[in-house]
Amino acid sequence: MSDRLEIWTLGGLTIKRGKTTLDRLVPHKAAALLVYLACTGRPHPRRVLANLLWDESPELRAMNSLRVLLTSLRRELDPYVTISRETVVFNQVRPYWLDMAVLEEGLAPVRLRPGSLCPEEVARLAQVLSLYRGDFLHGFYLRGSRTFEEWQVLERERLRLQTLEALHQLVAAALALGEYQAGLEQVGRLLELDPLHEEAHRQKMRLLAASGQRHAALAQYDYYRHLLAEELDLEPAAETTALYQQIRTGEQAIASTPVPDPAAALPPCPYHRGCRLLAKMIGPFSLARGPSRRAWLRPCIGTRLWPWLVPLAAANSRSLLWPGCCPSCTRKRPPTPDC
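Residues numbered from 1 in each chain as written. Predicted model: local features only at pLDDT ≥ 70, side-chain atom pairs only at ≥ 80, totals over all residues. Heavy atoms only, no water.

A few words on the environment of L103. Considering the arrangement of structural elements, one finds L103 in helix α4 (residues 99-112). Put simply, L103 and L10 are 93 residues apart on the chain and 9.7 Å apart in space, counted from C-alpha to C-alpha. Not counting chain neighbours up to four residues away, the residues in contact with L103 comprise L10, V128, L129, L131, Y132 and T163. (Helix = DSSP H or I, 4+ residues; strand = E, 2+ residues; numbered from the N terminus. Contact = heavy atoms within 4.5 Å.)

Here it is, written out as structure tokens:
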């Protein structure tokens, strides 16, 4: 439909209505509010939205600012936003398209039914993953809106981890089906998102070896070993080194890798691999509550530790201190290291 609203959030923010791009017509915070309403898909009290966008301002000033903002939003996108005296909600009855919603809908069958993928499923999954052009709201920043920033970061990491998991399954399927070039392209995307993803490096080594590029497979191991030593001062896992030895001696067979557990799509667990920094940080986090907890997490945003701290951001109990999301980490709380 010519009047359809399109909201592109992956790799940046672009808002279109029909053929008209609204980025410059809609104020920055109005665009943020529209994205928040569309992504959450439920009514929100005005006070909550005022705190979302002006959490550093007094409540009365924030409510007045929200009133002005809603007037601007109604002027440009009246049919798509339903505004009452108490709540604001995105009107999902109107024709619209939201890239992150399409991405999640396309990934849902794979997440709900992990296992080997047939060629048709591989093609559909590859098409869906093409929507992921970059991080959620990349380059989009609101001054004086810490609450919105925290929501934005959590959504960014959630979508990023879902994409990593799907790419991981796609690469495993390509190896099983003998589609080595396609697998190399997808594992390249995976390593762009997470350069330290060890299973992805092993997958690339297998793909290179299976496609007759033995020297390139060995070089991939050397590259990862140097990268891991430089970034985390660690050595590759025994499984990775064993694969390297198999390829070096010509013992590596062309075989498919097992379909991974969803947790395998996560970055290497920093605590399990010996990162004492995270263990030291766990202590202050366990005592933090409310704003103090968010303040404690803020310096970690964007670091390599952040994906592992995301599940902790919403934790309300010490029992949730350590989510155990790494297959190797079965304990709820790691012991205090001998530092």
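Judged by pairing direction, the sheet is mixed, and its 4 strands sit side by side in the order β3-β2-β1-β7 without closing on themselves. Of all the strands in the sheet, just β3 (20-21) and β7 (96-98) have a single pairing partner and so form its edges. Against the sheet, helix α1 (residues 28-40) makes contact with β1 (5-8), β2 (14-17) and β7, and its axis sits at roughly 95 degrees relative to β1, the strand it touches most. (Pairing = 2+ DSSP bridges. Axes fitted to C-alpha atoms, helices over the stretch in contact; angles between N-to-C directions.)

Okay, the nonpolar core next. Generally speaking, nonpolar side chains in soluble globular proteins are found buried as a group. Within the largest apolar cluster, 79 residues are counted, with the highest numbers of intra-cluster contacts made by L33, L53, F136 and F148. Looking at this core, the element that brings in the most residues is helix α6 (residues 146-177), giving 11 residues. Excluding residues that lie within four positions of it along the chain, L33 makes contacts with L49, L53, L66, L69, L70 and L73. Core analysis: the next-biggest nonpolar cluster, separate from the first, contains 5 residues, L196, L227, L228 and L234 among them. (Core = buried A, V, L, I, M, F, W, Y, C linked by side-chain atoms within 4.5 Å. Buried < 20%, exposed > 50% of the residue type's maximum accessible area, 1.4 Å probe, protein only.)

For the rest of this paragraph, the subject is α1. For the α-helix, the turn length of 3.6 residues means that residues three or four positions removed from each other point alike. Helix length check: α1, at 13 residues, gives a terminal C-alpha distance of 19 Å against a target of 18 Å (1.5 Å per residue), a fit within 8%. Listed as buried for α1 are K29, A30, A31, A32, L33, L34, V35, Y36, L37, A38, C39 and T40. Of the residues one or two after α1, G41 is the one with positive phi, at around 65 degrees. (Expected span 1.5 Å × (residues − 1).)

A word on the confidence of the model for the protein chain. Taken as a whole, the protein chain shows an average pLDDT of 79; of its residues, 71% reach a score of 70 or greater. Element-level pLDDT for the protein chain is lowest in helix α11 (residues 276-287), with a mean of 44, against a maximum mean of 97 in strand β4 (residues 44-45). Confidence drops under pLDDT 50 across residues 254-294; counting only partners more than four residues distant or on other chains, this segment forms 93 contacts. Across residues 313-339 the pLDDT falls below 50, and counting only partners more than four positions away or on other chains, this stretch makes 49 contacts in the model. (pLDDT = per-residue confidence, 0-100.)

What follows covers the pairing of strand β6 (residues 87-90). Sheet analysis places β4 next to β6, joined by 2 bridges and oriented antiparallel. Residue pairing across strands places H44 opposite V88, the latter belonging to β6. Judged from the 3 bridges that link them, strand β5 (residues 81-83) and β6 form a sheet pairing that is antiparallel. Bridge assignment links T82 to a residue of β6, and that residue is V89. Taken together, β5 and the strand that follows it, β6, pair antiparallel across an intervening segment of 3 residues.

One open sheet holds the 3 strands; their spatial order is β4-β6-β5, and the pairing between them is antiparallel. Strands at the two margins of the open sheet, each flanked by one partner only, are β4 and β5. Packing against the sheet, α1 makes contact with β4, β5 and β6, and its axis sits at approximately 70 degrees to β6.

A few words on the packing of α1 against helix α3 (residues 59-77). Interhelical geometry of α1 versus α3 gives an angle of 75 degrees and a closest axis separation of 10 Å. When the interaxial angle is binned, α1 and α3 end up roughly perpendicular. Listed contacts from α3 to K29, A30, L33 and L34 of α1 are L66, L69, L70, L73 and L77. (Parallel < 35°, antiparallel > 145°, perpendicular 65-115°, else oblique.)

Our focus in this paragraph is the pairing of β1. One ladder, built from 4 bridges, connects β1 with β2; its direction is antiparallel. Bridging across to β2, W8 finds its partner in T14. Here β1 folds back onto β2 in antiparallel fashion, the turn holding 5 residues, of which G11 has a positive phi close to 90 degrees. Bridge analysis of β1 against β7 gives 3 bridges, and the strand direction is parallel. Directly across from I7, in β7, lies its bridge partner L98.

Here we come to the packing of aromatic side chains. One pass over the structure, following the stated rule, counts 8 aromatic pairs. Centre to centre, the rings of F136 and W151 are 5.7 Å apart; their planes meet at 80 degrees, and the pair counts as edge-to-face. Taken together, the residues F136 in the loop between α5 (119-129) and α6 and W151 in helix α6 connect sequence positions 15 residues apart. Both residues of the pair, F136 and W151, count as buried. An aromatic cluster is present here, built from Y36, F136, F140, F148 and W151 joined pairwise through their rings. (Phe/Tyr/Trp six-rings, centres within 6.5 Å; stacked < 30°, edge-to-face > 60°.)

So, on to the packing of α5 against α6. At a minimum axis distance of 10 Å, the contact between α5 and α6 shows a crossing angle of 145 degrees. The way α5 lies across α6 gives a crossing that is left-handed. Listed contacts from α6 to P119, V122, L125, A126 and L129 of α5 are T163, A166, L167, L170, A173 and L177. Of the residues that constitute the contact of α5 with α6, the class distribution is 10 nonpolar, 1 polar and no charged. (Left-handed = near helix turned anticlockwise from the far one by under 90°. Nonpolar A, V, L, I, M, F, W, Y, C, P; charged D, E, K, R; others polar.)

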